Every structure is written in structure tokens, then in C-alpha cells.
Amino acid sequence: MGIVHNIENLTAVLSTAVTVPLVLDYTGCTSNLTLNAEYKGCVTDMHPPSRQDYISISLAGQGTYNNGKQWRRQSCWRKWKQLSRLQRSLILLFLFMCGIASYPAVTEHLRGLTDGERSTESNSVLRPIFPQVLPEPVKPLPEQSSQKELSNKRGPPILQNRLQKKGNGTVTVEEKKEKGEEEGVISWRGALVDTDKDTVEAKDGESKDHLLANHKSGSSNQSEASLLEAVKDAFRHAWQGYKDFAWGHDELRPLSKSYSEWFGLGLTLIDALDTMWILGLKEEFEEARTWVATELTFNKNVDVNLFESTIRILGGLLSTYHLTGDTMFLDKAKDIGSRLMPAFNTPSKIPYSDVNIGKGTAHPPRWTSDSTVAEVTSIQLEFRELSRLTQDPQYQDAVAEVMKQVHKLDGKLDGLVPMFINTNNGQFTHQGIFTLGARADSYYEYLLKQWIQGGKKEDQLLEDYVQAIEGVKKNLLQKSSPNGLTFVGELSHGQFSPKMDHLVCFLPGTLALGAHHGLPADHMDLAKQLMETCYQMYIQMETGLSPEIVHFNMHEGSIRDIDVKLADRHNLLRPETVESLFYLYRFTKDHKYQDWGWNILQNFNKYTKVSSGGYTSINNVRDPDYTSPRDKMESFFLGETLKYLYLLFSDDPSSISLDEYVFNTEAHPLPIWPSTA
Ligand code: DMJ
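Definitions and limits used
Residues numbered from 1 in each chain as written. Predicted model: local features only at pLDDT ≥ 70, side-chain atom pairs only at ≥ 80, totals over all residues. Heavy atoms only, no water. Helix = DSSP H or I, 4+ residues; strand = E, 2+ residues; numbered from the N terminus. Buried < 20%, exposed > 50% of the residue type's maximum accessible area, 1.4 Å probe, protein only. Contact = heavy atoms within 4.5 Å. Areas by Shrake-Rupley, 256 points an atom, 1.4 Å probe, with all protein chains shown as cover. Pairing = 2+ DSSP bridges. Near = heavy atom within 4 Å. Polar contact = N/O pair within 3.5 Å; in protein donor to acceptor, adjacent residues only side chain to side chain. Salt bridge = Lys/Arg side-chain N within 4 Å of Asp/Glu carboxyl O. Phe/Tyr/Trp six-rings, centres within 6.5 Å; stacked < 30°, edge-to-face > 60°. Expected span 1.5 Å × (residues − 1). Arc of directions from axis to C-beta. Axes fitted to C-alpha atoms, helices over the stretch in contact; angles between N-to-C directions. Disulfide = S-S within 2.5 Å. Core = buried A, V, L, I, M, F, W, Y, C linked by side-chain atoms within 4.5 Å. Parallel < 35°, antiparallel > 145°, perpendicular 65-115°, else oblique. Left-handed = near helix turned anticlockwise from the far one by under 90°. Nonpolar A, V, L, I, M, F, W, Y, C, P; charged D, E, K, R; others polar.

> It is not clear to me how the overall build of the protein should be interpreted in this structure. Could you clarify?
Counting secondary structure elements, the protein contains 24 helices and 22 strands. For the protein, the residues scored as buried account for 59% of the 677 residues in total. The contacts in the protein between residues at least 6 apart in sequence include a share of 68% that link residues at least 24 apart. Surface accessibility of the protein: about 27200 Å² in total, with carbon and sulfur atoms responsible for 50%.

Below, the structure written as C-alpha cells:
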């Protein structure tokens, strides 16, 4: 705004002091002045040339340009020479101001290009300075006074409500409305949701209370039912693709109408079992149950990853057993559980990453004797539950030993753990790097969840968890610029990096769960702030879907909060954000979290749904016209993403009560142990 005012002042000075007809071929200064795209000159647009002594600056395309270049040059020069020194100085000053005004936009544009926007085909034409879909204004959360102050101080970024329409110049939301171009979709509350990703609140300028009032005045039951039905539709569509082209195999490849194998164990089918049960899809469930009972065998000469098969297969079978009471699932769980045990036969008792479930042998990856910290510390819920059910302590003992060792290890930073641990000597390796993303994430999640699962008695788990959260606050938490989004970055040998994986978006949900179970209230405050950030990671992208990794801007004067590198633009249909939305909604009943989940579901439908069945992960969340599908539907889309969306839209807190169940890291609910256990 300051620049605009300066230009206006300058214009006022010029308009009274100068009497010059001037023709300049000038193309700068529009975007930062927030003037209309139909631009005839910085000055004339602001003050109509009613006075004769007004300077008229015209742009290319006006009649003055009918003559030859030579004439134009001479004519300009002649006119320039006719000006007094004062007039020339004023004009030069004016041009200098325009140059200054356009400088941040130009540099920002260049910075955007270094983000990796240079090399894709779709980006061979320079992008507009402002992204096609601009962030909704970050509204301060009512509970967070500090964020409110920050937000007020900085104000919303100029132009943030502007939308870019392809080949048509920028079009504001208001202009779009005037033209009747509201290409939105109707939200489940009956309000228009702009498909270009402004939220309901931002789009309609209505307060959240007003929207809620609308919702309440309608049939809330019906609305809930239609929400739940939308998730069921998505599930049925995904399932149909799996059934038609990948039945009994690990993952659907929806575009090539085929499948891919990872372990060759019907991974998607097993991961989806309890989701079908929770969604009430009985027919689909029965078909799948028949396959598990008659076709699934673990007596196979295959290498499986200990962590992945524990959280997806063992976890999926155990939770389905609990939900259904069908002992066939328990028998299968015992079978896979016992076949995974050779992984713990290592010099240190820290398990290897891979097990051959047919041969009973285990080994680390070919290139290292290390295991991943998150992997060896995120199998505990499942093995502990298996021991409880079988009354065989070997499973629990094996995973408890891992926790005991990790608890004592050197190399942590304020409760934060490195990413690798050696299976020979049991020590952390690659020390000094700390993240809440890949390779460390669910270590923190399982500290809390084991404590909850065991009836809140295992103090050491709680202490490690609380200390780690303090470690996050102290070492990894920062705010972005310009909007002050709270994010969790990474630390590498003391150097902070503002990089955040989408995987980190499990954290708001875990923090909220902890607060629900009696941990400090500021965990909930942080959960809400991080939830907002995770949602912004979706809504600020052109497809409304989050990339795999983002980088936050921290320097003063940044134009946008979030940058995405070329290699990080993919979306794998991951669950973490909708998982956290589920927890936040359960505990706060704030409908905005449902709204956000609804927007995300719609964008999955818009950009990842494959018409012949299934959903696909995509390579590029930044170009709605070129999402570059990957031809793969991950099993966690059915196991987690759709399950959490369904539970988010359910207003029945007894549907998987969080006082009775704890979800494993693959969204399979396992019971909280009764206090006598
Ligand atoms: C899932 O397998 C689990 O949620 C795991 O903890 C992290 N990765 C995927 C989902 O993104």
C-alpha cells in the first residue's frame, strides 16, 4: 500500500505541476500498483485527464504508434527536449518510482523460477508473478492471541484474493462473481466452495458463525448422511478399480488397469478391511473376507519390510478381528506375527528391516546394516496387542526391548531422535539430523499411543513423548513469512532448514490426542496452529492438494509462505492431514475442520479419480492441467485417507471412540487395554 500511496502522491504533484503531452512505451508497474489489467498508464488510470496540463503516459497499442520507428524516435526525442529540466527530473523520478515498485515482484518471480519452475514443459512460458491460486487470508484462530497479533501487524498479502485466469489476465474473486463465472461446487453446507480453492469463508465473506447458522437451520442429519455417502462413493470407486484390475494383489495401477506387487500379499485388500467395516460396506467386506479366508497365505518365499507389513497387515488383521469378533482374522494375525519375529534376531536386538516370511530369515537392506528409527519404534502397538491376545509375551518383549534401548541412547537432542540406528551395535547413526518427517515421524506418535494403549501407566513413554514435544518447540518450530504460519522444520548439525514433509501433518492430531488424554493444554494450541499450516499446504496449491514436501519462507518481505521444489510436487494420496482433521474435529467440534476435509476430498475427486475405477497418485500438484498421474493407488488411501475422512464427517463420537481405541500409524484401531490387563 505504501508504494501505491507514493505513486498517487507523485501523480498529484505531476498533475498540478506539469503540462506535457508525453508518449512512453512503458510496461512496468502494473501488478504492484493493483491497478486494472486494462492499463493505459500508471497516471491516467488514477486521475482522469480532465486537465490540460496532465501528463498522459500511453502504452503500446495506442494510435500514436502508427508511424515508423524513426519518426517515433525523433518525435519522442523532440518532445523530451522541449521539456524543462524540472519536468524531465520529475518524469525520471516517476519512472524510477515505478521501477522500485516493480522490483519485488520481479525478484519474487525470479525466485519462483529457481524453485524448479523452469524445466517442465508446462512452465516453458513464464508464470505470472502471483500464483494462479492465491492463498486465502490466514485468519487468526480465536484462541491464539499471539498469532492474532502477528496477523494484524502484517496484514494479508496484497492481491491474495486475486485469481489468475488462463490467458485472460488476472481476475479477482469479485470480478468473477460479477461476470457470473462462479465455477465452484456446492459445499455440503449449501455454500459455494470455489474450486479455485478459496475457502467458503474467504469466498463469500461470511463469518464462520453465519455458515454454521445456515448449517444448523438445515437438516444436519441429512447433511451428515450425505457427507458420509460421499466418502462411501469414493471408497466404492476405489474398490471397484481394485476389484476389476488388481484383485488379490498389492496395489492397483488404475491407468494401466493392472497392479503392482510389493510383498504379494493382497496389501490393499487387507489394509481396507476395517475401513469397509466402519463404512458399513458389508457386501464388499464379505467378498474380501472370503479372499482372506481362502486365498491369503503367508507361507511364501517373499521378503517383506517388517514395519510396513506390521502396520498394514498385522495391524489390519488385528483391528478387523476386534471390530468383527471373527477369529479367522486373529488366526491370520498370529500367523504373520510369528513369521515376522526372525527380524529381531540381530546382535543388538534392534530388528532388521526385512524378513523372508517363508524362510524365516531376516536381513538389513543390501547397502547398510542400519534400520530406520521410525520403523523399529512403530511396530510396538501391534506386537503388544498380539501378546495380549495370545498370552504369549515374546512379541511384547521383543518390541519393548527396542524401546528400552532407544530410551537410553546417546545422540538425542532434547528428546529428538536421529533417523537411523545400527542393528549390530544398537547405536544411532547419521547423528545430528533431526526431523519429524520421514524416518522419525511415528517414533513420536508411538510414544504417546503406547502410553495410551497401556492405560497410561508406562511413565517412561510419557516422559519421552513430553520431552520430545518440548524439543520440537525449542529446536524445530518456526513461523513463516508473510503470514506467520507455524511449521516444523528440520535441523542438520545445528543448521535449521524450513523444510516440512507432508508426513509431519500427523503431528496436530497426535498433539490433540495427547491433550485429550490429559497432557498440557498448550499441546492443543500448537495442534491447532499446525493444523492450519497443514491445510494451507493444500489450499495454496493450484490443485488444492498438498505436495509431498514444502519449504517455508522465513525472510521478511516474502510474498508467499510456501515454496515447492520441482522434485517435491507429487501427492501420494497420503492421509496425515485428514487424519489430524479428524482428531481436531472430534475434540473441538469446530466445523471448519470438516469444511477443510470436504475441500480436500473434492480435490482428490477432481484431480486423482480415474474414471475406469480407482484413484491415482499424481506428480504435480501445481498444475491442474498437467497433474501427471503416477498410475498407482497406495493401499493407505483405502486404509487411512478415506477412513479418516469418513470418521471426520461422522458426528457419532462412539464410532471408534478415542477413549476406547487407539489408531495404529496405518489407521487401524486397536483397543485401549482395560485397566486390569
Ligand atoms: C502410512 O503407511 C503410515 O501412515 C505411515 O506411518 C506413514 N506413511 C504412510 C502414509 O503416508
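> Sorry, what's going on with the sheet that holds strand β17 (residues 495–497) here?
Two strands in a sheet stick together by hydrogen bonds in their backbones, pointing the same way (parallel) or opposite ways (antiparallel). Overall, antiparallel pairing links the three strands, which are arranged β13-β16-β17 in an open sheet. Every other strand in the sheet has two partners, leaving β13 (433–434) and β17 as the edge strands with one partner each.

> Any chance you could explain the site of the ligand here in plain terms?
Neighbouring the ligand are the residues I311, R312, L503, R574, P575, E576, F636, E640, T665 and E666. Backbone polar atom of T665 to an oxygen atom of the ligand: 2.6 Å apart, as the coordinates give it. Coverage of the ligand by the protein chains reaches 92% of its 290 Å² of free accessible surface. The set of elements that each furnish at least two residues to the shell around the ligand consists of α13 (306–324) and α24 (635–649).

> Looking at this structure, I do not really get unusual backbone geometry. What am I missing?
Among all residues except glycine, the phi angle is most often negative; among peptide bonds, the trans geometry is most common. Each neighbour pair has its own omega, and for S481 with P482 the value is 10°, a cis peptide bond. With a phi close to 60°, Q391 is a non-glycine residue in the positive phi region. Within the fold, Q391 resides in the loop between α16 (380–390) and α17 (394–408). Despite not being glycine, H493 has its phi angle at roughly 50°, a positive value. If you trace the backbone, H493 turns up in the loop between β16 (490–492) and β17.

> Teacher, can you tell me more about the pattern of salt bridges here?
If the charged atoms of two oppositely charged side chains come close together, the side chains can form a pair. Counted by the stated rule, this structure contains 24 salt bridges. With a shortest N-O distance of 2.7 Å, K643 and D274 are connected by a salt bridge. Of this pair, K643 sits in helix α24 while D274 sits in helix α11 (residues 267–279), and the two are 369 residues apart along the sequence. Judged by relative accessible area, K643 falls into the buried class, the value being 0%. We classify D274 as buried; its relative accessible area is 0%. Close ionic contact of D501 with K499 constitutes a salt bridge, the shortest N to O distance being 3.1 Å. Overlapping salt bridges, with partners in common, bring together E229, D233 and R236 in one network.

> When you look at the packing of aromatic side chains in this model, what are you seeing that I'm missing?
The description of two aromatic rings rests on the distance between their centres and on the angle between their planes. By the definition in use, this model includes 22 aromatic pairs. A ring pair is formed by Y443 and Y444, whose centres lie 4.9 Å apart and whose planes are at 75°; its orientation type is edge-to-face. For the pair Y443 and Y444, a shared accessibility class is recorded, and that class is buried. When the ring of W598 is compared with that of F649, the centres are 6.0 Å apart and the planes differ by 70°; the resulting orientation is edge-to-face. One end of the pair, W598, is in helix α23 (residues 592–607); the other, F649, is in helix α24, with 51 residues separating them in the sequence. As far as burial versus exposure is concerned, W598 and F649 are alike and both buried. Joined through ring pairs, the aromatic side chains of F582, Y583, F587, Y644 and F663 make up one cluster.

> Explanation requested: α17 in the structure shown.
Because each turn of an α-helix spans 3.6 residues, side chains separated by three or four positions end up pointing in the same direction. Taking 1.5 Å as the rise per residue, α17 with 15 residues should run 21 Å; its terminal C-alpha atoms sit 22 Å apart, in good agreement. Of the positions making up α17, those classed as buried are Y395, A398, V399, V402, M403, Q405 and V406. For α17, the arc enclosing every buried residue in end-on projection is 165°, short of the 170-degree limit, so these residues lie on one face.

> Hey, could you run me through the sheet that holds strand β8 (residues 354–356) in this one?
Strand order across the open sheet formed by three strands is β7-β8-β9, with antiparallel pairing between neighbours. Looking along the sheet, the strands with just one partner apiece sit at the ends: β7 (303–305) and β9 (361–363). On average, each strand axis in the sheet is inclined to that of its neighbour by 30°, with strand direction left out of account. When β8 meets β9, the two strands line up antiparallel, connected through three bridges. Counted as the bridge partner of D354 is H363 from β9. In this fold α13 packs onto β7 and β8, with an angle of close to 75° to the strand it touches most, β7.

> What am I meant to see in the state of the cysteines here?
In a disulfide, the sulfur atoms of two cysteines are covalently bonded to one another. Following the criterion strictly, the structure yields one disulfide and no others. The disulfide partner of C505 is C534, and the gap between their sulfur atoms is 2.1 Å. Torsion about the S-S bond of the C505 and C534 cystine: about -100°, corresponding to left-handed handedness. Of this pair, C505 sits in the loop between β18 (499–501) and α20 (507–516) while C534 sits in helix α21 (residues 521–539), and the two are 29 residues apart along the sequence. Residue class for C505 comes out buried when judged on its relative accessible area of 0%.

> Please explain the pairing of strand β19 (residues 549–552) as it appears in this structure.
Successive side chains on a regular strand alternate, one facing one side of the sheet and the next facing the other. Neither face of β19 is exposed, since I549 and H551 on one face and V550 and F552 on the opposite face are all buried. Across three bridges, β18 lies against β19 in antiparallel orientation. Note on β19: the bridge partner recorded for D501 is I549. Sheet analysis places β19 next to strand β20 (residues 562–563), joined by two bridges and oriented antiparallel.

> Would you take a moment to explain the environment of G494 for this structure?
With respect to the element layout, G494 can be found in the loop between β16 and β17. A relative accessible area of 63% places G494 in the exposed class. Each C-alpha atom of the pair G494 and G432 lies 7.5 Å from the other, and the pair is 62 residues apart in sequence.

> I'm lost on the nonpolar core in this one. Help?
Within soluble globular proteins, side chains that are nonpolar tend to cluster in buried spots. Grouped together as the largest cluster of nonpolar side chains are 150 residues, with contacts concentrated most on L273, L317, F383, L436 and M500. Leave out the neighbours within four places in its chain, and M500 touches F487, V488, C505, C534, M537, E548, I549, V550 and F552.

> Help me out: how do you make sense of the packing of helix α19 (residues 459–475) against α21 in this one?
To describe two helices that pack against each other, one gives the angle between their axes and the distance between the axes. It is at 12 Å that the axes of α19 and α21 come closest, and there the two elements cross at 50°. Between α19 and α21, the interaxial angle falls into the category oblique. Considering only the axes of α19 and α21, their crossing is left-handed. Of the residues in α21, those in contact with Y465, I469, E470 and K473 of α19 are D522, H523 and L526. Here the residues of the contact of α19 with α21 are counted per class, giving three nonpolar, one polar and three charged.

> What am I meant to see in the environment of H668 here?
Considering the arrangement of structural elements, one finds H668 in the loop between β21 (661–663) and β22 (669–671). The spatial distance from the C-alpha of H668 to the C-alpha of G315 is 5.9 Å, given a sequence separation of 353 residues.

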